[in-house]
There are 2 protein chains.
Amino acid sequence: MEITGKQLAIMETAEQLFADNGYDGTSIRDIAHQADVNVAMISYYFGSKEKLLQAIFEKRTELWRVHLESMIEDKSRSPMEKMFVLIDNYMQKIFDQSCFHRIMAQQQMANQDSPVASLILDTKRRNQDLVKKLVQQGQRSGDFKKNIDVPLLMMTMMGTINQLITTQHHYRELNNLQDLDDTEYKKHIKKKLSTHLKSIFKAILSNEE
Amino acid sequence: MEITGKQLAIMETAEQLFADNGYDGTSIRDIAHQADVNVAMISYYFGSKEKLLQAIFEKRTELWRVHLESMIEDKSRSPMEKMFVLIDNYMQKIFDQSCFHRIMAQQQMANQDSPVASLILDTKRRNQDLVKKLVQQGQRSGDFKKNIDVPLLMMTMMGTINQLITTQHHYRELNNLQDLDDTEYKKHIKKKLSTHLKSIFKAILSNEE
DNA sequence: AATTACTAAACAAACGTTTAATTAATTTTT
DNA sequence: AAAAATTAATTAAACGTTTGTTTAGTAATT
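Residues numbered from 1 in each chain as written. Chains lettered and ligands numbered in written order. Predicted model: local features only at pLDDT ≥ 70, side-chain atom pairs only at ≥ 80, totals over all residues. Heavy atoms only, no water.

**Q** Quick one: what's the story with the pattern of salt bridges, residue by residue and with numbers?
**A** Side-chain pairing between opposite charges can occur once the charged atoms of the two side chains come close. A complete count under the given rule lists 18 salt bridges over all chains for this structure. Note that R125 of chain A is salt-bridged to E173 of chain B, the shortest N-O span being 3.5 Å. Note that R125 of chain A is positioned in helix 8 (residues 115-140) and E173 of chain B in helix 10 (residues 168-174), a pairing that runs across two chains. Among the residues examined, R125 of chain A registers a relative accessible area of 32% and is labelled partly exposed. (Salt bridge = Lys/Arg side-chain N within 4 Å of Asp/Glu carboxyl O. Helix = DSSP H or I, 4+ residues; strand = E, 2+ residues; numbered from the N terminus. Buried < 20%, exposed > 50% of the residue type's maximum accessible area, 1.4 Å probe, protein only.)

This is the structure:
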């Protein structure tokens, strides 16, 4: 099924509204109005509200996987370098798709099983396996320590970035950065966060005494 | 206003349902049914659905503040020890009130200003100020490094714990820990997380080369 | 006797979805 | 290439539920 302009407009509008007001806090009429389409078009194109959410998830999770796999198998970088690339890639992805990421955060918080819930779990499982592979590479080459808790490491990376993305508006106010414009602010916080995470990873992973 | 048994039942039920299904995903009738009270009682006692949420927030944020303040002024502990106590206290609090914490997470994710939104922001600002104070103590005594980004440090602590709490059910499955019973599992993960966070904090804060 | 706690029923508004009718685009037939 | 037939896109209105809240009346407590 090819995606027309109108379908894309619906999906993008829905993404923003779901992120800001939650899935249940957003009505079909809200979306239709903001995307400037008739209410019936959403059922017509996607079938239902939930299937619209699914469509958004499928579109967003499509490309991410392949990217990660090839990066890990890259022979030209050291394990620690790869880990740093991973951090920057993950950050970039989430900054670029912050609305979608916020939807994902609220969906995985909900304690109910839905089509998207299992989609999220699958993605996470795959990602964790890949990172585990990368950690093992580093351990074999002697670059990394022996006892690494991969799930906890992932939790720190994802959790820290997540915390920043989900509470951006708070962070800015808490640190008196309102005078910076949006792009300036984003650049600033990205640089800071990247350095921060890398130093944490180095401290946890690195074998130097 | 004193809280009767029935009001408490409503608040506790609401807390769990809000956490599991989201605020908008939970209806007044859901709460009334599960708490075994008449639908009208919720409006009668709390005024509205939103005021019920506010009541839950006020009850939960009441005691936390005083506790933190006295802990930081404690002269018998070193700055690093205090930081470790802070980590354990924060973890304990969130584990004990995981439902409430999940509600808070979804509320601070929403990009809209509500009574609870400003309540959250206030609490965060206060907490961050207190931690900043503690960091300065450590810097004056020479225990901590000079350049510490307090907001980022907080983000890592809260983010990591948050990530664990909001995705507990995932974590358990991802690490094949289903055979452990609930209390056993909680004990296990708490111990792990505590060590993990402390080693991160030590790496970031400590002045030893 | 008067206030408080509680209930079942009703309220209007909003919800996601469907229907039936109309317009636009595409394909088939002349 | 023009006309007719067919399919797809779009609309306004209506559907039946569910939503949060209120009302008017009853039972319990003070």
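**Q** I'd like to hear about the relation of the copies chain A and chain B, residue by residue, with values.
**A** When chain A is fitted onto chain B, the two copies agree to an RMSD of 0.0 Å after a turn of 180° and an axial shift of 0.0 Å. Such a turn and shift between the copies fits a two-fold axis. Taking the C-alpha atom as reference, chain A places G159 of chain A closest to the rotation axis, 2.1 Å from it. (Least-squares fit on C-alpha atoms with pLDDT ≥ 70 in both.)

**Q** Could you give an account of helix 2 (residues 28-35) of chain B, with specific residues and numbers?
**A** Residue and element names in this part refer to chain B. Among the residues of helix 2, I31, A32 and A35 are the ones counted as buried. End-on, the buried residues of helix 2 take up no more than an arc of 95°, which puts them together on one face. For helix 2, exposure combined with an orientation more than 90 degrees from the buried face picks out R29 and H33. Turning to helix 2, the residues buried within the fold contact helix 1 (5-21), helix 3 (39-46) and helix 4 (49-61). Two residues or fewer past helix 2, D36 is found with a positive phi of approximately 60°. (Arc of directions from axis to C-beta. Contact = heavy atoms within 4.5 Å.)

**Q** Give a description of the protein's contact with DNA strand C that names residues and reports values.
**A** Taken together, the neighbourhood of DNA strand C is formed by 15 residues, with I28, R29, S48 and K49 of chain A together with Y45 of chain B sitting nearest. Across the atoms of DNA strand C situated within 4 Å of the protein, the share located in sugar and phosphate is 54%. Here a phosphate oxygen of DNA strand C and a side-chain polar atom of K6 of chain B are 3.1 Å apart. Elements that contribute at least two residues to the surface near DNA strand C include exactly helix 2 (28-35) and helix 3 (39-46) of chain A together with helix 3 of chain B. Looking at the surface near DNA strand C element by element, the count peaks at four residues for helix 3 of chain B. (Near = heavy atom within 4 Å. Polar contact = N/O pair within 3.5 Å; in protein donor to acceptor, adjacent residues only side chain to side chain.)

**Q** Lay out the packing of aromatic side chains in plain terms, naming residues and giving numbers.
**A** Residues and elements named next belong to chain A. All chains considered together, the criterion is met by six aromatic pairs over all chains. A centroid spacing of 4.9 Å and a plane angle of 65° characterise the contact between F57 and F100, whose relative ring orientation is edge-to-face. Here F57 is found in helix 4 (residues 49-61), whereas its partner F100 is found in helix 7 (residues 98-109), with 43 residues between them in sequence. An identical accessibility class is assigned to F57 and F100; each is buried. (Phe/Tyr/Trp six-rings, centres within 6.5 Å; stacked < 30°, edge-to-face > 60°.)

**Q** Lay out the layout of surface pockets with the relevant residues and their values.
**A** In this structure, the largest pocket spans a volume of roughly 930 Å³. As for the largest pocket, its lining consists of 23 residues, and the residues nearest its centre are K145, A203 and I204 of chain A together with S199 and A203 of chain B. For the lining of the largest pocket, the elements supplying multiple residues, two or more each, are helix 11 (182-205) of chain A together with helix 11 (182-205) of chain B. Ranked by residue count, the leading element in the lining of the largest pocket is helix 11 of chain B, at seven residues. Split by residue class, the lining of the largest pocket holds six nonpolar, seven polar and 10 charged. (1 Å grid on protein atoms, 1.4 Å probe; cavity = no way out; pocket = protein on both sides within 12 Å on 5 of 7 lines; lining within 4 Å. Points joined across faces, edges and corners; volume = space filled by probe spheres on them. Nonpolar A, V, L, I, M, F, W, Y, C, P; charged D, E, K, R; others polar.)

**Q** Just give me the short version of the protein's contact with DNA strand D, but keep the residues and values in it.
**A** DNA strand D sits among 15 residues. The nearest are Y44 and Y45 of chain A together with I28, R29 and K49 of chain B. Within 4 Å of the protein, the atoms of DNA strand D are drawn from sugar and phosphate moieties in a proportion of 51%. Side-chain polar atom of K6 of chain A to a phosphate oxygen of DNA strand D: 3.1 Å apart, as the coordinates give it. Between a phosphate oxygen of DNA strand D and a side-chain N or O atom of Y45 of chain A, the distance comes to 2.8 Å.

**Q** Can you lay out the interface of chain A and chain B for me, pointing to particular residues and giving the numbers?
**A** By a frequent convention, interface size equals the accessible area lost on bringing the separate parts together. Contact residues are listed per partner, giving 45 residues for chain A and 44 residues for chain B. For chain A, the biggest contributors to the area lost against chain B are M109, M155 and L174 of chain A; these three give 17% of the whole. Run the count over chain A and chain B and you get four salt bridges. At the surface where chain A touches chain B, the tally comes to 11 residue pairs in polar contact (both at pLDDT 80 or more). For the side of chain A that touches chain B, the secondary structure elements donating two or more residues are helix 1 (5-21), helix 7, helix 8, helix 9 (150-166), helix 10 (168-174) and helix 11 of chain A. The class makeup of the residues in the side of chain A that touches chain B is 19 nonpolar, 18 polar and eight charged. (Buried area = accessible area lost by both parts, 1.4 Å probe.)

**Q** Tell me about the environment of P151 of chain A, and name the residues and values.
**A** You can see P151 of chain A is positioned in helix 9. Relative accessible area serves as the criterion here: at 9%, P151 of chain A is assigned to the buried category. For the pair P151 of chain A and L68 of chain A, spaced 83 residues apart in sequence, the C-alpha separation works out to 17 Å. P151 of chain A has contacts with Q128 of chain A together with Y171 and N175 of chain B, leaving out every residue within four places of it along the chain.

**Q** Please provide a residue-by-residue account of the domain arrangement of chain A, values included.
**A** Residue and element names in this part refer to chain A. When the domains of chain A are assigned, the result is domain 1 (5-57) and domain 2 (63-205). Here the C-alpha centre of domain 2 lies 28 Å away from the C-alpha centre of domain 1. Opposite the 12 residues of domain 1 that make contact, domain 2 presents 12 residues. In total, domain 1 and domain 2 occlude about 1,100 Å² of area from one another, counting both sides; carbon and sulfur atoms represent 72% of this. Per-residue buried area on domain 1 facing domain 2 is highest for E15, A19 and F57; these three make up 52% of the total on that side. On the surface where domain 1 and domain 2 come into contact, there are one salt bridge. Of the charged contacts, one joins R102 and D20 as a salt bridge, the two residues approaching to 2.8 Å between their closest N and O atoms. Counting across the interface, domain 1 meets domain 2 through four residue pairs in polar contact (both at pLDDT 80 or more). Those elements giving two or more residues to the side of domain 1 that touches domain 2 turn out to be helix 1 and helix 4. (Domains from an automatic or database assignment.)

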